[in-house]
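Fold and geometry: a report
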Amino acid sequence: MTNAFMVSGLTKSYQDFVLDHVSFTVPSGSIVGLIGENGAGKSTTINAALGLVGKEDGMVSILGREELDGDVKEQIGVVFDGSNYPEILSPRKLNRVMKYIYRTWDEQTYFGLLKQFSLPYDKPIRQFSKGMKMKLAISAAFSHHSRLLILDEATSGLDPVVRDDILDMLLDFVQDEEHSILVSSHITSDLEKIADYIVFIHEGKVVFEKPKDELTERYGIIKCGAAQFDALDQSDIISYRKMDYEWQVLVSDRERAQKKYSKALVVPAAIDEIMLLYVKGEK
Amino acid sequence: MKGVLVKDLYIAKSNILVTIVSLVVLGFGLSFLLETSALLVLAPVASTTAAFISITSDAASKWNKNVITMPVSRGQIIGEKFLFYILLAALGLVTALVPCVVLACFGGDVTFYSLCLYGSIGISACLLAGGISLPCAYLFDPEKSQIVFMMSFMASTGIIAGLVLLINLVFPVKENILLAFGIVLGISVIWFFISYRVAVKIYQKRDIA
């Protein structure tokens, strides 16, 4: 399987933050969710990969090319959180701008998507709601035959109905094995619905890169008391957290844990619980 | 580059219309007080404000970030802004010529000599100011850039005065005014081109997040 997107050893330092040798891949035909708390380094990773900020070290390969030239940029659609276009423009005017920017701009697809999303053609973007702006940005990203879609917190702040519409579009997009998506979000429930792989970044480092099914179907949380916790084998524990009335212990194989600790309550772990235990738990 | 220019024209459209109307009205109004062709000094500078409106709009709407992900190079983005600036200055100049030509047809006090003189002063001031403020717009944050933008016009008049004094050391400016301001215009063009190269270098290295 080829990779649509790959970063290896990506490093960028700021005064108070370091993106520390981040490496992960987006296999072709898949959706990869980049998760992590605010300030973990998700946007810095995307910005460094797209050449918005200079990288100090590391390698970036997009659609098999290390140089991010115009040909590669023709084939990637990027959607950032919030506003993406001058708000004085209307969707129709934006079409006139975009058709001179992208050689592969497809007016028919663009207006089709505007119609599908019930977006007005001639209303200035400043009069759009956040959801409408996001739908417009996604319509534009889909209208130049992108092979790779990169969404940076694109669904943040949207209501569940709009988010669901957008997630459906993303799922449709990757039906063709040629298309891939990298989506950064701290709304892990969205990624549970659509992602094939999850990359977890914490304090500028990749904590894990795993298939989503492995996380949701194999990982588990042992909920136990102090005595049971003391009896746990340390090698089974990924991380743990002491709550008010119980201990929560993250394990990588909940079925094995249930067999081994038959008296303990072992429950499936949601991605946000895994994230919380990695970030707030002890090891 | 064409798409980015179309975007800037959309952003500046209302501002351009206001500038055109103001210049025409001012031109006819000035004819009662001074030489109408003096409007050519003001027109190019006044009309280029739209370029800064587009730069601040790009930053506010995060277009400056989004456009980097499109098949447009950083050099092209800067090149477009400088081209847009020149187009606006040219538009201002042409607009200011309208009342001059109309008044000349009706026997007004407009000569080819005065048009050349005031035109070269206006374009020189415009290019010198743009040469200062455009690279600064990509070097500083929007607030500082606006201060630089306002100060650049004062600086440009100071530079023109300085250049004229220097030229006066070589030959008497009073007897060769048009030649002196022609030299100032030439220096301004070179300054603007160097400024463009500097702005491209600044922008190539700039982090946009």
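Residues numbered from 1 in each chain as written. Chains lettered and ligands numbered in written order. Predicted model: local features only at pLDDT ≥ 70, side-chain atom pairs only at ≥ 80, totals over all residues.

1. Thoughts on the overall build of chain B
To be explicit about the condition: The helix count covers DSSP runs of H or I at least four residues long, the strand count covers runs of E at least two residues long, and both are numbered beginning at the N terminus. Between the two quantities, the radius of gyration covers C-alpha atoms and the globule rule is 2.2 Å times the number of residues to the power 0.38. Exposure classification rests on a simple neighbour count of other C-beta atoms within 10 Å of a residue's own: a residue reaching 20 or more is buried, one at 12 or fewer is exposed, and one in between is partly exposed. C-beta atoms are placed from the backbone. Note that contacts rest on C-beta atoms placed from the backbone: two residues are in contact if these are within 7 Å.
Looking only at helices and strands, chain B has eight helices and zero strands in total. Counting from the amino terminus, helix and strand elements in chain B follow one another as α-α-α-α-α-α-α-α. Taken over C-alpha atoms, the radius of gyration comes to 18 Å for chain B, in line with the 17 Å a tight globule of 209 residues would show. Every one of the 209 residues in chain B was classed for burial, and the buried ones make up 46%. Of the contacts made within chain B by residues no fewer than 6 positions apart, 83% connect residues no fewer than 24 positions apart.

2. Topic: the nonpolar core
This is how the line gets drawn: For our purposes the nonpolar core covers buried Ala, Val, Leu, Ile, Met, Phe, Trp, Tyr and Cys residues that link as a set through C-beta atoms within 7 Å. Segmentation of the chain into domains, including their bounds, is taken from an automatic or database domain assignment.
Core analysis: the largest hydrophobic core is formed by 141 residues, its most contacted members being Ile198 and Val199 of chain A. Per-element accounting of this core gives the leading share, 14 residues, to helix H6 (residues 112-139) of chain B. Two domains share this core, each providing at least three of its residues, namely domain 1 (3-211) and domain 2 (219-280) of chain A.

3. Regarding the interface of chain B and chain A
The test is simple: Side-chain classes follow a simple rule in which Ala, Val, Leu, Ile, Met, Phe, Trp, Tyr, Cys and Pro form the nonpolar group, Asp, Glu, Lys and Arg form the charged group, and the remainder, Gly included, forms the polar group.
On the chain A side, the residues contacting the 21 residues of chain B number 27 residues. For the side of chain B that touches chain A, the secondary structure elements donating two or more residues are helix H1 (2-30) and helix H4 (63-66) of chain B. Residues that form the side of chain B that touches chain A fall into these classes: 10 nonpolar, five polar and six charged.

4. A look at the pairing of strand E7 (residues 180-184) of chain A
Regular strands place side chains that alternate from one sheet face to the opposite one. All names here are of chain A. Going by this rule: Strands were regarded as paired on the criterion that DSSP finds at least two bridges between them. By convention, orient the strands away from the viewer: a clockwise path from the first strand over the helix to the second makes the crossover right-handed.
Counting buried positions along E7 gives five out of five residues, so the element sits mostly inside the fold. Relative to E7, strand E3 (residues 31-35) runs parallel, the two sharing four bridges. Counted as the bridge partner of isoleucine 31 is isoleucine 181 from E7. Here five bridges tie strand E6 (residues 148-152) to E7, and the two strands are oriented parallel to one another. Its bridge partner lying in E7, isoleucine 150 is registered against leucine 182. In this view, the connection linking E6 to its parallel neighbour E7 by way of helix H6 (residues 160-173) has right-handed handedness.

5. Overview of the environment of threonine 111 of chain B
All names here are of chain B. Its location among the elements puts threonine 111 in the loop between helix H5 (74-105) and H6. On the neighbour-count criterion, threonine 111 (13 C-beta atoms within 10 Å) is partly exposed. Each C-alpha atom of the pair threonine 111 and glutamate 35 lies 9.8 Å from the other, and the pair is 76 residues apart in sequence.

6. Some remarks on the sheet that holds strand E1 (residues 3-13) of chain A
Residue and element names in this part refer to chain A. Stated precisely, the cut-off is as follows: Angles here are taken between N-to-C directions and fall from 0 to 180 degrees, while the axes themselves are lines fitted to C-alpha atoms, restricted in helices to the stretch in contact.
A sheet is described by the order of its strands in space; here three strands give the open sequence E2-E1-E4, paired in antiparallel fashion. For this open sheet the edge positions go to strand E2 (18-27) and strand E4 (57-62), each flanked by a neighbour on one side alone. Put simply, the sheet's adjacent strands are angled 10° from each other on average, direction ignored. Pairing of E1 with E4, which is carried by five bridges, proceeds in the antiparallel orientation. Of the residues in E4, the one forming a bridge with serine 8 is methionine 59.

7. Observations concerning the packing of helix H3 (residues 91-101) of chain A against H1 of chain B
Short version of the rule: Note that the term roughly parallel is reserved for angles under 35 degrees, roughly antiparallel for angles over 145, roughly perpendicular for angles of 65 to 115, and oblique for everything else.
With their axes 6 Å apart at the nearest point, H3 of chain A and H1 of chain B run at an angle of 155° to one another. The angle between H3 of chain A and H1 of chain B places the two elements in the roughly antiparallel class. Residue-level inspection shows Lys93, Arg96, Val97, Met98, Tyr100 and Ile101 of chain A of H3 of chain A in contact with H1 of chain B, the latter providing Lys2, Gly3, Val6, Lys7 and Tyr10 of chain B. Of the residues assigned to the contact of H3 of chain A with H1 of chain B, the class counts are six nonpolar, one polar and four charged.

8. Considerations on the confidence of the model for chain B
Detailed reading of the predicted model is not advised wherever pLDDT is low. Residue and element names in this part refer to chain B. Defined as follows: The quantity called pLDDT is the predictor's confidence in a given residue, expressed from 0 to 100.
On average, residues of chain B score 88 in pLDDT, and 100% of them are at 70 or above. Helix H8 (residues 177-205) holds the highest mean pLDDT among the elements of chain B, 94, whereas H1 holds the lowest, 84. Model confidence for the complex is summarised by a pTM of 0.87, with the ipTM given as 0.87.

9. With respect to the domain arrangement of chain A
Residues and elements named next belong to chain A. Each domain of chain A was delimited in the assignment, giving domain 1 (3-211) and domain 2 (219-280). Put simply, the middle of domain 1 and the middle of domain 2, counted by C-alpha atoms, are 34 Å apart. With nine residues of domain 1 at the interface, the matching set in domain 2 holds five residues. At the level of elements, helix H7 (188-194) and strand E8 (197-202) are the ones that each hand at least two residues to the side of domain 1 that touches domain 2. In terms of residue class, the side of domain 1 that touches domain 2 is made up of five nonpolar, two polar and two charged.

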